[in-house]
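What the coordinates show
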Amino acid sequence: MHCKFAIRGGGHMWWAGAANIQDGVTIDLSSLNETRLSSDRKILALGAGTRWIDAYRVLDPMGLSITGGRVWKVGVWGDLRLVVVLASGEIVNANISSNPRLFKALKGGGNNFGVITRFDFKTFEQGAIWGGFVISPWNSSVQLNQQLQALEKFGNDSERGLDDYSTVENVYVFGPSGPSQIANILVNTNAVARPPILADFTDVKAQTTNTVGMTNISSLALQTGTGPGIENGGRYIWASATYPNNATTLAKIVSLCQESFYGHGKPPTYPGFSLHPVNKSQQNTVWMNFAVTSTGADADEAIVNATETFLRKAREYCQEQNQYEPFVYSNYALPSQDAVASYGTENQAFLRAVAREYDPQEVFQKLVPGGFKLYRRGKTCC
Ligand SMILES: Cc1cc2nc3c(=O)[nH]c(=O)nc-3n(C[C@H](O)[C@H](O)[C@H](O)COP(=O)(O)OP(=O)(O)OC[C@H]3O[C@@H](n4cnc5c(N)ncnc54)[C@H](O)[C@@H]3O)c2cc1C
C-alpha cells in the first residue's frame, strides 16, 4: 500500500536513486518500446521506454524528424500529447486541450505528477544535416578568449536571426595539469556546409579531430553519445547552471572551475563542461553542462565538494556583477541543486497547485523519492 517506488524511462539520469530505488519497486518502462508513425506521417508516437535513436532510425529514411535530444541513448519526451497514469490509477491524455495544466506541469515537472506511458510528437520534413566535432588542444588563455568571444558573437548573431539553422556546443576539457582540449560540436540542420556563422569554430587552428560533414541525425546522435566520459557504465557527477553569454564572465567561470579543482594540489579527477548558447532570455545566456568522471564511490565526496565550491563561487561572482541567472536545467543538475525552485516562485507555486489537483494524496511526493521534487528534502547547495 505504501511501498516506495521509482520510475525508469531511458534510465540515463546519472545519479543513484533518480530512476531506481533501494528497498522499493522500480517501475521499468523499457518494454514500452513501440514507435508508431501515423498514416499521414504527421505524428510519431513513442512508448516511454524508447530512446532518441529509436525515433531517429524510423524517421531518417522517411525524410522526417522531431524535436529531440542530442545523445542517442537518452530516454524520450513528447511535444504534442502525453498519456499519463495518475496516482489514482486513472489513465488520462495531457495536451493543450485535454488536461492542459497537467501538460504544462509535466514540461519540466519530472516524476511529480504521474507515470507517462506514451509521448506523441509533431513531425517535420528534414533532409540531410551538416555537423560533427572539431577538437583542438587547449594550451593558451589567448585561445580560450578567442573561443569565448566567438561564442558570444554567435549568441548575438543568432539572436539577430542571422542563421536559424546552425548551432554550436562549445566544450572545455581539463586534464591532469589543467586545460587540455577545446571541442566544438557543430550543426547546420539546413545542410549548409561550414555556415559563415560557425566560421570561428570550423576554422580553429591545430585541429586534432575533425569529423564535420553531411550526415543525418541518427549518425550525429550516435557520434555525440560515444567517447571517453559518456560510455555506458561510467560513474559520473554532473551539474548545471546558466551564465550570461559574455566572454569576460565566462573566462572568469573557467578560472573558478580550475581553481576549485586544481587549487588545493592534485585534483580528485578532471572536469569538463560544455556551453550551450540559449537566446531570448533577459540576456543571451549559455546553459553549462558540467561533467566529471569519478574513479569510484570513495572519490565521489571530494568531487561533489569541488563541484559545489565551483558552482557557489560562480554564482557569487555573477551576483556581484548583476548577471545572475537562476535557471538550472534539471537533466544535467547535481542532486543538491534545487532545479524546481530555479523555475521561479510563480512556476513553483503552479507546479504545486497542479500536484494537489492531480495527486491529492501526494503519492508522487511521498512514495517516489528519486528525481527533483516539488518539496525539497536535504541540503541545497547552489
Ligand atoms: C553521458 C550523458 C549524456 C547526456 N546527454 C543528454 C542530452 O543530450 N540531452 C539531455 O537533455 N540530457 C542528457 N543527459 C542527461 C540525462 O540523460 C537526463 O537526465 C534525462 O532526464 C534522462 O532521461 P531518461 O528517460 O533516460 O531518464 P531516467 O533516468 O529514466 O529518468 C529521469 C527522471 O525522469 C523520471 N521519469 C523518467 N521517465 C518517466 C516517465 N515515463 N514518467 C514519469 N517520470 C519519468 C525518472 O523517475 C527520473 O527522475 C545526459 C546524461 C549523460 C550521463
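Procedures and definitions
- The written sequence of each chain sets the order in which its residues are numbered from 1.
- Selection of residues for local features in this predicted model requires a pLDDT of at least 70, selection of side-chain atom pairs for listing and counting requires 80 or more, and totals for whole chains, interfaces and linings are taken over all residues.
- Side-chain numbers here rest on the full set of heavy atoms in the structure, without hydrogens or water.
- What makes two strands pair is DSSP finding at least two bridges between them.
- Put simply, DSSP marks the helices as runs of H or I at least four residues long and the strands as runs of E at least two long, and each gets a number from the N terminus on.
- The axes are straight lines fitted to the C-alpha atoms, using for helices just the contacting stretch, and the angles between their N-to-C directions are given from 0 to 180°.
- A contact between two residues is defined here by any heavy atoms of the two lying within 4.5 Å.
- Salt bridge, as used here, is a side-chain nitrogen of Lys or Arg placed within 4 Å of a carboxyl oxygen of Asp or Glu.
- The buried label applies to any residue whose accessible area, calculated with a 1.4 Å probe on protein chains only, is under 20% of its type's maximum; exposed applies above 50%, and partly exposed to all values in between.
- For each domain, the first and last residues come from an automatic or database assignment.
- Buried area is calculated as the accessible area (1.4 Å probe) missing from two parts once they are joined, with the contributions of both summed.
- Polar contacts here mean pairs of N or O atoms no more than 3.5 Å apart (in protein, one a potential hydrogen donor and the other a potential acceptor; neighbouring residues in sequence count only if both atoms are side-chain atoms).
- Lys, Arg, Asp and Glu make up the charged group, whereas Ala, Val, Leu, Ile, Met, Phe, Trp, Tyr, Cys and Pro make up the nonpolar group; the residues left over, Gly among them, are polar.

1. Remarks on the sheet that holds strand β4 (residues 43-47)
- Spatially, five strands are ordered β3-β4-β8-β6-β7 in an open sheet, and the strand pairing comes out antiparallel. One side of each edge strand has no neighbouring strand; the edge strands of this open sheet are β3 (35-37) and β7 (91-94). If you compare each strand with its neighbour and ignore which way they point, the axes differ by 15 degrees on average.
- Each of β3, β4 and β8 (115-122) touches helix α1 (residues 52-59); the most contacted strand, β4, lies at about 145 degrees to it.

2. Brief notes about the pattern of salt bridges
- Scanning the model with the defined rule gives 14 salt bridges in all.
- Residue Asp28 is joined to Arg8 by a salt bridge in which the shortest nitrogen-to-oxygen separation is 3.6 Å. Of this pair, Asp28 sits in strand β2 (residues 25-28) while Arg8 sits in strand β1 (residues 5-8); the two residues are 20 residues apart in sequence, bridging distant segments of the chain.
- Looking at Asp28, the relative accessible area reads 41%, which means it is partly exposed.
- For Arg8, a relative accessible area of 24% corresponds to the partly exposed category.
- Measuring nitrogen to oxygen at the nearest pair gives 3.1 Å for the salt bridge that ties Lys366 to Glu362.

3. Digging into the domain arrangement of the chain
- Domain annotation of the chain identifies domain 1 (5-125 + 343-364) and domain 2 (129-332).
- The straight-line distance from the C-alpha centre of domain 1 to that of domain 2 is 27 Å.
- The partner domain 2 presents 23 residues to the twelve residues of domain 1 that form the contact.
- For the pairing of domain 1 and domain 2, the buried interface totals around 1400 Å² over both sides, and the portion due to carbon and sulfur atoms is 56%.
- Between Glu169 and Arg70 there is a salt bridge whose closest N-O contact spans 2.6 Å.
- Counting the contacts that link domain 1 with domain 2 gives six residue pairs in polar contact (both at pLDDT 80 or more).
- Of all the elements, α1 adds the most residues to the side of domain 1 that touches domain 2, at three residues.
- The class makeup of the residues in the side of domain 1 that touches domain 2 is seven nonpolar, one polar and four charged.

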